[in-house]
Amino acid sequence: MDNIEKDEKLDMMRHSAAHVMAEAVQSMFPDAKFGIGPTIEYGFYYDFDLSRSLSPEDLPLIEAKMKEIVKSNSPFLKEMVSKEQARKLFANQPYKLELIDELPEEQVTIYKQGNFTDMCRGPHVRYTSAIKAFKLITIAGAYWRGSEKNPMLQRIYGVAFNTQKELDEYLIRQEEIKKRDHRKIGKDLDLFVFSDLIGKGLPIFTEKGSVIRRELERFVVDEEIKRGYKHVYTPDLAKVELYKTSGHYPYYKDTMYPVMKVDEDELMLRPMTCPHHYQYYASKPRSYKELPFRIAELAKQFRYEKSGELSGLLRVRSFCLADAHIICKSEQAVDEIMQALDLIEYAANVLGLNAGRRYRLSLGDRKDEKKYYKDDAAWDFAENVLRRVLIQRKANFFEAGNEAAFYGPKIDIQMKNFAGKEDTAFTVQYDFVGPKRFKLAYIDSDGKEKEPIVIHRSSIGAIERTMAFLIEHYAGAFPVWLSPVQAAIIPVSDQHLGYARKLEAELKAIGVRVMVDDRNERMNQKIREAQLQKIPYMLVVGDKESADNTVSVRLRIGEQLPVMSFEEFKKKIKQVINDRVNELKP
RNA sequence: GCCAGCGUAGCUCAGUGGUAGAGCAGCGGUUUCGUAAACCGUCGGUCAAGAGUUCGACUCUCUUCGCUGGCUCCA
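Residues numbered from 1 in each chain as written. Chains lettered and ligands numbered in written order. Predicted model: local features only at pLDDT ≥ 70, side-chain atom pairs only at ≥ 80, totals over all residues. Heavy atoms only, no water.

Chemist: Looking at this model, I keep getting lost on the overall build of chain A. Mind explaining?
Modeler: Along its length, chain A carries 18 helices and 28 strands. Dimensions of chain A along its principal axes, counting C-alpha atoms only, are 85 × 75 × 55 Å. Sorting the 586 residues of chain A into buried and exposed places 50% on the buried side. Taking the contacts inside chain A whose residues are at least 6 apart along the sequence as the reference set, 70% of them involve residues at least 24 apart. Carbon and sulfur atoms provide 50% of the accessible area of chain A, an area that totals close to 28,900 Å². In chain A, 92 side chains carry a positive charge and 89 a negative one; their mean positions are 1 Å apart. (Helix = DSSP H or I, 4+ residues; strand = E, 2+ residues; numbered from the N terminus. Buried < 20%, exposed > 50% of the residue type's maximum accessible area, 1.4 Å probe, protein only. Contact = heavy atoms within 4.5 Å. Areas by Shrake-Rupley, 256 points an atom, 1.4 Å probe, with all protein chains shown as cover. Lys, Arg positive; Asp, Glu negative; His and termini not counted. Charge placed at Lys NZ, Arg CZ, Asp CG, Glu CD.)

In structure tokens:
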């Protein structure tokens, strides 16, 4: 049996498990109304409309009932009925009736097992006993058909596998994911905190977290300047008029903060940077010789996110985007996008964030003139440019409709986080609208005024989100250049404090972040704590070391380096930092 | 924002209709130690906030705030 066949079989079993769960729920709630019950990665869910709210205590009861049904080994019976019959059969199932009305076929498939009948395309396993290891995981609210306007149903999520062993492994894996959660590690390592008084979704970076952030920022600013960007600072707020001119206002209204009245003006916190950068470009006439005009900024942006959407550093209400806008001729677009992707890939490699990287060519929907600016020729041109770039790079990409910005298509660089979830980490967007709205122009070689295009891009994305990725990716054991404390000096006893202080001063002098653990504690205790803090180097110094000017180096991976001279260690650590080495051992 | 759950000391967590406990951290000592937790003592909580029920509420009810898992949305 090949893998695809195997997957299909597993999928069938999960789908059948959803039906069995529905039967179990029906036995407990005879008047239950049923939504849909599809399979998902690792399992299944089913949506119900019930007379009362489910509580977590219900899950074991439902699960027990399911096990009974599985044990009873009742067959799944398939039947074809006409829509008319189906309507009668599901007369008191409003959600099913809605689905029936929308089915194009005249015949409807129904599946029956035990006392439960469901409208379903199938296929299913033959008997309920084919359902192997499963577990109900959680209950959640879910809008009928995913729309906020519809009633909210109660969804039960379950997972199912062919063997108990696989199920156990899945559960263990979930525990590991929890341990790596950036919110947990952020607390353990004291990287960021929140304050109810400041507000939700507004993180405070602690001293240690700020070290990481500063290193990231320095890295990206230096790299961008090297690559020909003008790095600037523009204001965090601006007149509402600016965003009305840019055309963002109607699209972003819901995610922008309310307007502030200041004197005669109406100001607001910026939800994006582009128009600010355009104003820099537009501050004087530009020649074609100045193009491409690359403007970069570590830009704070403010977006009102619904409270339920906030999550640690992943979703915040104020974030800092490593943002840039490249104003250029359309003929330069391919080359500029190539360079932008080069930078993004380079930075991602330095950070070690490559897991599951793939590209999404995000396209608009020509018919949706509310959501996307109407200009078919411009969309065609831009889409071709982006597609050409991706093909030329032999990038692993796929196309997705209805994902573009209102002003043009984009390339999203997708990444998988530790939990296996895919997220947009970085993005490159083609914009043919901005220049029009702001009447951006350049004087071409023929002396005529022409309209440029704009490429929006983020290099290392939103700093907050990227930090969350890094925390989870490294489980807090950051590369040395990012580590808040790079070396801990651990005197064996306080007689060795003098030597420890001397090493500390010398390391500080060459820019190493070092601390001496001078507490009245045993060496073992200090090592343990340095280890828990994921400090990359521990320098244990006692009689021997102070006598011959050496250090005993312990790495946080538990490994011990052979005794080396302090000079040698200095050279080594300096090099690891400067080269931004990913792994601990050079 | 919506649905559900949770909120006890700085952290991790016990606990119960009769006005709170442990370990770690902190602090004060003792100890001067060789690669992941020395020992003794001690401080610490309007049990998220407010209102109600009750003779009595951390416990039951309601409201608010915050967090978590989903839904919707998204850098």
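Chemist: Help me out: how do you make sense of empty space enclosed by the protein in this one?
Modeler: Left-over empty space is what a probe sized like a water molecule reveals as it rolls over the atoms. Counting across every chain of the model gives two cavities of 30 Å³ or more. Estimated volume of the largest cavity: approximately 50 Å³. Considering the residues around the largest cavity, the lining is formed by Gly364, Asp365, Arg366, Asp368, Glu369, Tyr372, Tyr373, Lys374, Asp375, Asp376 and Trp379. Residue composition of the lining of the largest cavity, grouped by class: three nonpolar, one polar and seven charged. Taken as a whole, the second largest cavity encloses approximately 50 Å³ of empty space. In this structure, the second largest cavity is lined by Ser246, His248, Tyr278, Phe406, Tyr407, Asp431, Val433, Gly434 and Arg437. Here the residues of the lining of the second largest cavity are counted per class, giving four nonpolar, three polar and two charged. (1 Å grid on protein atoms, 1.4 Å probe; cavity = no way out; pocket = protein on both sides within 12 Å on 5 of 7 lines; lining within 4 Å. Points joined across faces, edges and corners; volume = space filled by probe spheres on them. Nonpolar A, V, L, I, M, F, W, Y, C, P; charged D, E, K, R; others polar.)

Chemist: Just checking my understanding: could you explain the protein's contact with RNA strand B for this structure?
Modeler: By nearness alone, 52 residues border RNA strand B, and Tyr143, Asn520, Arg522, Arg528 and Ser552 come closest of all. Between RNA strand B and the protein, one listed contact pairs a base nitrogen with a side-chain N or O atom of Tyr143 at 2.4 Å. In the environment of RNA strand B, a base nitrogen lies 2.9 Å from a nitrogen or oxygen atom belonging to the side chain of Gln560. (Near = heavy atom within 4 Å. Polar contact = N/O pair within 3.5 Å; in protein donor to acceptor, adjacent residues only side chain to side chain.)

Chemist: Looking at this model, I keep getting lost on the sheet that holds strand E14 (residues 265-269). Mind explaining?
Modeler: What links the strands of a sheet is backbone hydrogen bonding, and the strands pair in either a parallel or an antiparallel sense. Across the sheet, three strands lie side by side as E12-E14-E13; this open sheet has antiparallel pairing. The open sheet has two edge strands, strand E12 (237-239) and strand E13 (260-262), and neither has a second partner. Each adjacent strand pair in this sheet contributes to an overall mean axis angle of 40°, direction not counted. Strand direction decides the pairing type here: E12 and E14, joined by three bridges, are antiparallel. (Pairing = 2+ DSSP bridges. Axes fitted to C-alpha atoms, helices over the stretch in contact; angles between N-to-C directions.)

Chemist: Where do I start with the nonpolar core in this structure?
Modeler: In globular proteins that are soluble, nonpolar side chains generally tend to be buried together. Membership of the largest hydrophobic core comes to 94 residues, with the highest contact counts inside it found for Leu216, Ile337, Ile411 and Phe569. For this core, the domains that each give at least three residues are domain 2 (188-474) and domain 3 (480-578). Apart from residues lying up to four places away in sequence, Ile411 is in contact with Ile337, Leu341, Tyr359, Arg360, Leu361, Leu386, Leu390, Phe426, Thr427 and Val428. Core analysis: the second largest hydrophobic core is formed by 32 residues, Met13, Phe44, Tyr46 and Ile131 among them. (Core = buried A, V, L, I, M, F, W, Y, C linked by side-chain atoms within 4.5 Å. Domains from an automatic or database assignment.)

Chemist: Would you take a moment to explain the packing of helix H11 (residues 333-351) against helix H12 (residues 376-392) for this structure?
Modeler: To characterise two packed helices, one gives the angle between the axes of the helices and the distance between these axes. For the pair H11 and H12, the least separation of the axes is 10 Å and the interaxial angle reads 50°. Classed by the angle they form, the pair H11 and H12 counts as oblique. Considering the relative orientation of H11 and H12, their crossing is right-handed. For the pair formed by H11 and H12, the contact residues are Ala333, Val334, Ile337, Met338 and Leu341 on the first element and Val385, Leu386, Arg388, Val389 and Gln392 on the second. Residue composition of the contact of H11 with H12, by class: eight nonpolar, one polar and one charged. (Parallel < 35°, antiparallel > 145°, perpendicular 65-115°, else oblique. Left-handed = near helix turned anticlockwise from the far one by under 90°.)

Chemist: When you look at a negative patch on the surface in this model, what are you seeing that I'm missing?
Modeler: Among the surface-exposed residues, Glu5, Asp7, Glu8 and Asp11 lie close enough to one another that they form a single negatively charged patch. By secondary structure assignment, the location of Asp7 is in helix H1 (residues 3-28). (Patch = residues over 30% accessible without salt bridge, like charges linked within 9 Å, V, L, I, M, F, W, Y side chains within 5 Å. Salt bridge = Lys/Arg side-chain N within 4 Å of Asp/Glu carboxyl O.)

Chemist: I'm lost on the pairing of strand E5 (residues 107-113) in this one. Help?
Modeler: Every other side chain in a regular strand lies on the same face of the sheet, so the side chains alternate between the two faces. With five of its seven residues buried, E5 lies for the most part within the structure. Note that strand E4 (residues 77-82) and E5 share six bridges and pair antiparallel. For Glu79, the partnering residue across the bridge sits in E5 and is Ile110. By the bridge criterion, four bridges tie E5 to strand E6 (residues 116-119) in an arrangement that is antiparallel. Considered in E6, the bridge of Ile110 is made with Met119.

Chemist: Sorry, what's going on with the packing of helix H7 (residues 207-226) against H11 here?
Modeler: One way to put it is that H7 packs onto H11 with a least axis distance of 12 Å and a crossing angle of 150°. Where H7 crosses over H11, the two elements pack in a sense that is right-handed. Here H7 contributes Leu216, Phe219, Glu223 and Glu224 to the contact with H11, which in turn contributes Leu343, Tyr346, Ala347, Val350 and Leu351.

None of the figures reported here should be taken as evidence of function without further support.
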